[in-house]
Amino acid sequence: MSRRPSHHRRKGGRPGRKSGEPVAEAGEPGRVIAIRGRRVLVRPDGEGEDVVCFLSGHRAVVGDHVEFVEAKGTGGKIVSVGERERALWRVDFKGREQVIASNLQGLIVVASADHPAYRPGLMDRYHVAANMFGLELAIVLTKSDLGVPEEAAADLQWRRELGVEVMSCTPHDGQGVEAVAQFLLEHAGGGPWAFVGHSGVGKTSLGAALLPDADVGPIGEVSEFWKTGQHTTTGASIHELAPGAEIVDSPGIRTFLPAGLTPENVREHFPGVGPLHCRYRDCLHRSGEDGCVAEDEVDAATLQRYRRMLQEVIDMQERAKR
Ligand SMILES: Nc1nc2c(ncn2[C@@H]2O[C@H](COP(=O)(O)OP(=O)(O)OP(=O)(O)O)[C@@H](O)[C@H]2O)c(=O)[nH]1
Ligand SMILES: [Mg+2]
Ligand SMILES: [Zn+2]
């Protein structure tokens, strides 16, 4: 798949460590399997129990390969974070880059048929992110008992035609859950699949339906969720269906925008657009561009969503310059 921006290839632990700084002390190898606030659960690569470590100098996220040392009485300490492959990066509302999980095989975008409503624009953002970061992509529509609105059904069919695996299920009664499990078992071995999507769509409910014997964490109360807008899941964690077949459950986020977006990579990675043979190779397919063929080649609804995202990135760059 596609290249990632070079700045996403940096070492996970200390971006831009300068020569002359002390080299990390050696520790035991392991992998981060859960994060709660400043507490990090590390599973040793070798024998032994999971170790609770406390975040200090080293930022770590689920999926990170780390080295840790066990300190008597105080839990463990992470001493280095390995290079991240196929990580999911976002920019937060302040424009800061943030890594959500690393060493992933793909993203499973979880969306509900309703409550909260299905949003094609959010799907586009995850679609672009998967393409940018070299992640596989699948979609699970939950709460199909609520009835699937026409707009959602049409959007999902369109993505199916683009080659995305789209599944639907009802975590409450288990319908369709087996197919999701089958998908995960058949597409395993390249790291966990991260469940992403709005708060309240049913990520944890789906995790619980897939793993009835595991403790996947709390599931939201709809009424409470609507009143307070609280997120039910507060930290990310990895759960195993079978050896090598894993999922990451993570807190829902209000708005998602992949880190490192530029107008060019929106053009390159937006689903259903390009490569197009416009007169100019650097054509961004904005309306009225000289010799642009986008309006002939791309369906109107897709082009409209593409242009909206492109404009958002251009505006963001303008704001950053000021
Ligand atoms: N109608 C219906 N509701 C469901 C179904 N599955 C889950 N829900 C409800 O959806 C709400 C949110 O579920 P969660 O699993 O906590 O959602 P989440 O995506 O993990 O939310 P965050 O952790 O906040 O990101 C809960 O009230 C569930 O009971 C379903 O199949 N049908
Ligand atoms: Mg949750
Ligand atoms: Zn064009």
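Residues numbered from 1 in each chain as written. Chains lettered and ligands numbered in written order. Predicted model: local features only at pLDDT ≥ 70, side-chain atom pairs only at ≥ 80, totals over all residues.

(A) The arrangement of the overall build of the protein chain in detail. Secondary structure assignment for the protein chain yields 8 helices and 13 strands. Nonlocal contacts in the protein chain, meaning residues at least 24 apart in sequence, comprise 64% of its contacts between residues at least 6 apart. (Helix = DSSP H or I, 4+ residues; strand = E, 2+ residues; numbered from the N terminus. Contact = placed C-beta atoms within 7 Å.)

(B) Molecular detail of the pairing of strand S11 (residues 193-196). Across the two faces of S11 the burial is the same, with Trp193 and Phe195 and Ala194 and Val196 all buried. Bridge count for S11 against strand S13 (residues 245-249) is 2 bridges, and the pairing is parallel. Pairing of alanine 194 across the sheet is with valine 248, part of S13. (Buried ≥ 20, exposed ≤ 12 C-beta atoms within 10 Å, placed from the backbone. Pairing = 2+ DSSP bridges.)

(C) Region of interest: the packing of helix H3 (residues 177-186) against helix H4 (residues 203-210). Close contact between H3 and H4 brings their axes to 10 Å; oriented N to C, the two are set at 80°. Here H3 is positioned roughly perpendicular relative to H4, judged by the angle of their axes. Along its contact with H3, which presents Val177, Val180 and Ala181, the element H4 presents Leu206, Ala209 and Leu210. Here the residues of the contact of H3 with H4 sort into 6 nonpolar, no polar and no charged. (Axes fitted to C-alpha atoms, helices over the stretch in contact; angles between N-to-C directions. Parallel < 35°, antiparallel > 145°, perpendicular 65-115°, else oblique. Nonpolar A, V, L, I, M, F, W, Y, C, P; charged D, E, K, R; others polar.)

(D) The arrangement of the environment of glycine 121 in detail. Locating glycine 121 in the fold gives a position in helix H1 (residues 120-133). With 188 residues separating them along the chain, glycine 121 and methionine 309 place their C-alpha atoms 8.4 Å apart.

(E) Here's a closer look at the site of ligand 1. Taken together, 23 residues are adjacent to ligand 1, and Ser199, Thr204, Ser205, Thr233 and Gly252 come closest. With 3 residues, H4 is the largest single contributor of residues to the shell around ligand 1. Residue composition of the shell around ligand 1, by class: 6 nonpolar, 13 polar and 4 charged. (Near = placed C-beta within 6 Å.)

(F) Fine view of unusual backbone geometry. Along the chain, histidine 115 connects to proline 116 via a cis peptide bond; the corresponding omega equals -5°. Relative to the helices and strands, proline 116 is located in the loop between strand S8 (106-112) and H1. Positive phi is not limited to glycine here, since histidine 115 has a value of about 50°. Tracing the backbone shows histidine 115 in the loop between S8 and H1. With a phi close to 60°, histidine 285 is a non-glycine residue in the positive phi region. Relative to the helices and strands, histidine 285 is located in the loop between helix H6 (263-269) and helix H7 (294-297).

(G) View of the environment of leucine 284. With respect to the helices and strands, the residue leucine 284 is situated in the loop between H6 and H7. Between the alpha carbons of leucine 284 and valine 266 there is a distance of 9.0 Å; along the sequence they are 18 residues apart.

(H) Seen up close, the nonpolar core. Among the nonpolar cores identified, the biggest contains 69 residues, and Val62, Leu88, Ala101, Leu107 and Ala194 are the most heavily contacted of them. Among the elements that line this core, the one with the most residues is H1, at 7 residues. Setting aside anything within four residues of it in sequence, one finds alanine 194 in contact with Leu88, Ala101, Leu104, Leu107, Ile108, Val248 and Ser250. (Core = buried A, V, L, I, M, F, W, Y, C linked by C-beta atoms within 7 Å.)

(I) Inspection of the environment of isoleucine 78 at higher detail. As for its position among the elements, isoleucine 78 is in strand S5 (residues 75-81). Spatially, the C-alpha atom of isoleucine 78 lies 4.2 Å from that of phenylalanine 68, the residues being 10 residues apart in sequence. What isoleucine 78 contacts, discounting residues up to four positions off in sequence, is Val40, Cys53, His58, Ala60, Val66 and Phe68.

(J) Spatial organisation of H3. Where H3 is concerned, the buried positions are Val177, Val180 and Leu184. End-on, the buried residues of H3 take up no more than an arc of 60°, which puts them together on one face. Every exposed residue of H3 that faces more than 90 degrees away from the buried side is listed here: Glu178, Gln182, Leu185 and Glu186. For H3, the elements touching its buried residues are strand S9 (136-142), strand S10 (165-168), S11, H4, strand S12 (237-242) and S13. (Arc of directions from axis to C-beta.)

(K) View of H4. H4 sits mainly inside the fold: 8 of its 8 residues count as buried. Where H4 is concerned, the buried positions are Lys203, Thr204, Ser205, Leu206, Gly207, Ala208, Ala209 and Leu210. As for H4, its buried residues are in contact with S8, S9, H3, S11, S12 and S13.

(L) Highlighting the pairing of S8. The buried fraction of S8 amounts to 7 of the 7 residues, a majority that puts the element mostly inside the structure. Neither face of S8 is open: one carries Gly106, Ile108, Val110 and Ser112, the other Leu107, Val109 and Ala111, and all of them are buried. Relative to S9, S8 is paired through 7 bridges, and the arrangement is parallel. By the bridge assignment, valine 109 is partnered in S9 with isoleucine 139.

(M) Focus on the confidence of the model for the protein chain. Considering every residue of the protein chain, the mean pLDDT works out to 88; 89% of them sit at 70 or more. Counted against residues more than four places away or in other chains, residues 1-19, with its pLDDT under 50, gives 29 contacts. Taken as a whole, residues 223-229 scores under 50 in pLDDT and shows 5 contacts with residues more than four places along the chain or in a different chain. (pLDDT = per-residue confidence, 0-100.)

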